[in-house]
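Results of the structural survey
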Amino acid sequence: MEDLERSYTDGIVTEPVTRRRFLHAAGAFGALAGLQRLRPAYAYPANDLQAFAGVEHRVAGAASRTDLVIDRTPFGFGGRRGIATTINGSVPGPLLRFREGERATIHVTNRLGEDTSIHWHGLLVPNAMDGVPGVNFSGIHSGQTFVYDFPLRQYGTYWYHSHSGFQEQLGHYGPLIIDPIEPEPFQYDREYVVMLSDWSFENPLKILDNIKKQGSYYNFQRRTVGDFFKDVDRVGLRATIADRWEWGKMRMSPIDIADVTGSTYTYLLNGLPAASNWTGLFRPGERVRLRFINAAAGSYFDVRIPGLEMTLVQASGQHVQPVTFDEFRIEIAQTFDVIVQPTEDRAYTIFAESMDRSGHARGTLAPRAGMSAEVPTRRPRPTLGMMDMGMAMGMGGHGGMSMPGMDMSAAAPKSVAPAATGHAGHDMSSMPGMASSPGSGVFEGTLRDGTIIRASNLRAPGTIPEPMMHVGGKHGSASAGTAMETRSRLSEPGAGLGEDGWRVLVWTDVKRLTPAATFEAPAREIELHLTGNMERYMWSINGIKYSDAPDPIPLKHGERIRLTIVNDTMMAHPMHMHGVFMELENGHGPECPYVHTINVKPAERVSLLATPVDPGPWAFHCHVLLHMDLGMFRVFQVSEPDGTMTTSEGAAS
């Protein structure tokens, strides 16, 4: 037997990693032939049509212990092999299923030779349980077991993943479902998790090194001389040359849709490549709930099921008013629950193209095992335009462009009285980060890292931001090609979508199921700019990478804030806020949907409302793994109810 010494310190069980344990995975590597057996149980293609048992109705509040072991395990497909970072020996990790009102107690044992962690994406947990090393705790050291213990205060579809290094790219992720206490407002007969992800046999550090040397290293779909002459035929020589000149000045390319592509990624559905054809069975006429989760490290997916329309019933784990469509783009880290109702006795393909069209994941819905349907041909890769860089002022038909300092109150619905703005008559000068001009009624300031704070002339809650000229400077050498104008693009399907005649889900379609009983206006607005330099592969916020950012952004316990995110880069960024649900201001007022992650398109201005109540430091970052790792990351510090601030890493060290 291995001689394992154990010690207990603040809930952590220390378990040294022995050489034998370390070599265990590598030793088994050569002996494995069926490496796809790493799949968890829910990812195996169904073999029969058992009656759907429905959700597990365990007693709310009952103790529930779960054990997870993080290890390295051989993994491969298509004749290629690698070593994955696995959870209980599988990729993805096991499905964790709880019930709202329970208390989750999850023991996570680290058998890697390095630190690890688990973050519960989208869950509202006490700060010490959020699982971000360097922010909430010091991480789970090799050989230790860390006990996550928290109440389950919500329902819905979520997922979990490592927040340590590049482990997420190597397979450290899994689905998580919390069944609601109350009956759900929609009916279904059967359900499946559909977890999308990307996998590379290259070391993530090698991928980063390649991109740092050449930003377009993995982009093999670049424009050619033939494309030049096609554009000349389409728009004329002068316009074509002017277009090339503008992109050259910005040191960018209109085909930079994704910086890591299918040239190294294999796209997976429930851990399986397209050739393996994961299959979920149904009886014709059944309503099938599909819980889509995008757990990719760097890939967006455009999803459709030819022959079936989809009805959205949950977004970010929260109920929404049903909306029906043919295709949707799922951003990294987002979850969408849809219901389909296949009535024919035939197979249907679940087709998930990568946003840049460099590959796809695929699965099948079928009445019998072994069936398959036609797999659609991937569409041509899309291109960005000047509108995507905010360089086409006036082309959008938005004559109401706003300039810094303009009174934005004209954008407010007349039904919103001045007092309803929530800050009328309040002294904003005492709020963190604020500077005031006595008697002017204007409170606006800039933090040391360039974050803009406003507390006057705020438009009505739930409304869409007006187009604005760029403010906040050019952000230095860390930012290239700053957009002149930024605007809301929530009504746009995104590059490469909306031109096929299919109905595409857009965020202005999404409304929460039940309007908010109270829908308060923000007391102040915090504006952050997403910045980057593709040529040098630098990513930051306000032109400053996280390691150089001076201080956390202070928030008061219970204060109502508007977070405005402005994308000054030419790539999309899925931005995730820890510790609080955000209400996406998409023009629907009290019906604005809750989100934990929102995509921000190039040259887009997105605003969200939030009321943080759980004190402590909370991460805010881009969910493209490389972008986050290189600096598109910040920390918000929420005060205690008495106004004091806890220190970072204080709760779990």
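For the structure, check the block above.
Attention in this report is confined to the structure presented alongside it.

How each quantity is defined
Residues numbered from 1 in each chain as written. Predicted model: local features only at pLDDT ≥ 70, side-chain atom pairs only at ≥ 80, totals over all residues. Heavy atoms only, no water. 1 Å grid on protein atoms, 1.4 Å probe; cavity = no way out; pocket = protein on both sides within 12 Å on 5 of 7 lines; lining within 4 Å. Points joined across faces, edges and corners; volume = space filled by probe spheres on them. Nonpolar A, V, L, I, M, F, W, Y, C, P; charged D, E, K, R; others polar. Buried < 20%, exposed > 50% of the residue type's maximum accessible area, 1.4 Å probe, protein only. Helix = DSSP H or I, 4+ residues; strand = E, 2+ residues; numbered from the N terminus. Arc of directions from axis to C-beta. Contact = heavy atoms within 4.5 Å. Core = buried A, V, L, I, M, F, W, Y, C linked by side-chain atoms within 4.5 Å. Polar contact = N/O pair within 3.5 Å; in protein donor to acceptor, adjacent residues only side chain to side chain. Pairing = 2+ DSSP bridges.

Moving on, we come to empty space enclosed by the protein. Counted according to the given criterion, the structure contains nine cavities of 30 Å³ or more. What the largest cavity holds in volume is close to 320 Å³. Arg329, Pro493, Gly494, Asn599 and Lys601 are the residues nearest the centre of the largest cavity, which is lined by 24 residues in total. Partitioned by chemical class, the residues of the lining of the largest cavity number 15 nonpolar, two polar and seven charged.

This part is about helix α2 (residues 204-213). Where α2 is concerned, the buried positions are Pro204, Ile207, Leu208, Asn210 and Ile211. For α2, the arc enclosing every buried residue in end-on projection is 160 degrees, short of the 170-degree limit, so these residues lie on one face. Turned more than 90 degrees away from the buried face of α2 sit Leu205 and Lys213, all of them exposed. Looking at the buried positions of α2, the neighbouring elements they touch are β11 (190-200) and α5 (625-630).

The next subject is the nonpolar core. For soluble globular proteins, nonpolar side chains are generally found buried alongside one another. The biggest cluster of nonpolar side chains holds 110 residues, and the ones touching the most others in it are Leu196, Leu290, Phe292, Leu312 and Phe328. With residues up to four places along the chain from it excluded, the contact list for Phe292 reads Val194, Leu196, Val303, Phe328, Ile330, Gln334, Thr335, Phe336, Val338 and Ile350. Ranked by size, the runner-up nonpolar core spans 26 residues in total, among them Phe98, Ala104, Val108 and Phe146.

What follows is about the side chain of Arg560. Inspection of the secondary structure puts Arg560 in the loop between β28 (553-555) and β29 (561-567). By relative accessible area, which is 9% here, Arg560 ends up buried. Among the polar contacts made by the side chain of Arg560, one reaches the side chain of Thr611 at a distance of 3.1 Å. Not counting residues up to four positions away in its chain, the partners in contact with Arg560 are Phe519, Glu520, Ala521, Pro522, Ala523, Arg524, Glu583, Leu609, Ala610 and Thr611.

A word on the pairing of strand β9 (residues 156-161). Most of β9 sits inside the fold, with six of its six residues counted as buried. Here β9 shows two buried faces, one formed by Gly156, Tyr158 and Tyr160 and the other by Thr157, Trp159 and His161. When β9 meets strand β10 (residues 173-179), the two strands line up antiparallel, connected through six bridges. Residue pairing in the sheet places His161 in a bridge with Tyr173 of β10.

Inspection of the secondary structure puts Leu312 in strand β16 (residues 310-315). Leu312 sits 16 residues away from Phe328 along the chain, and the two C-alpha atoms are 9.8 Å apart. Those residues in contact with Leu312 that lie beyond four places of it in its chain are Val320, Gln321, Pro322, Val323, Phe325, Phe336, Asp337, Val338, Leu505 and Val510.

Mapped onto the secondary structure, Gly89 falls in the loop between β4 (80-87) and β5 (96-99). For the pair Gly89 and Phe75, spaced 14 residues apart in the sequence, the C-alpha separation amounts to 9.8 Å.

Purely geometric numbers; function is a separate question.
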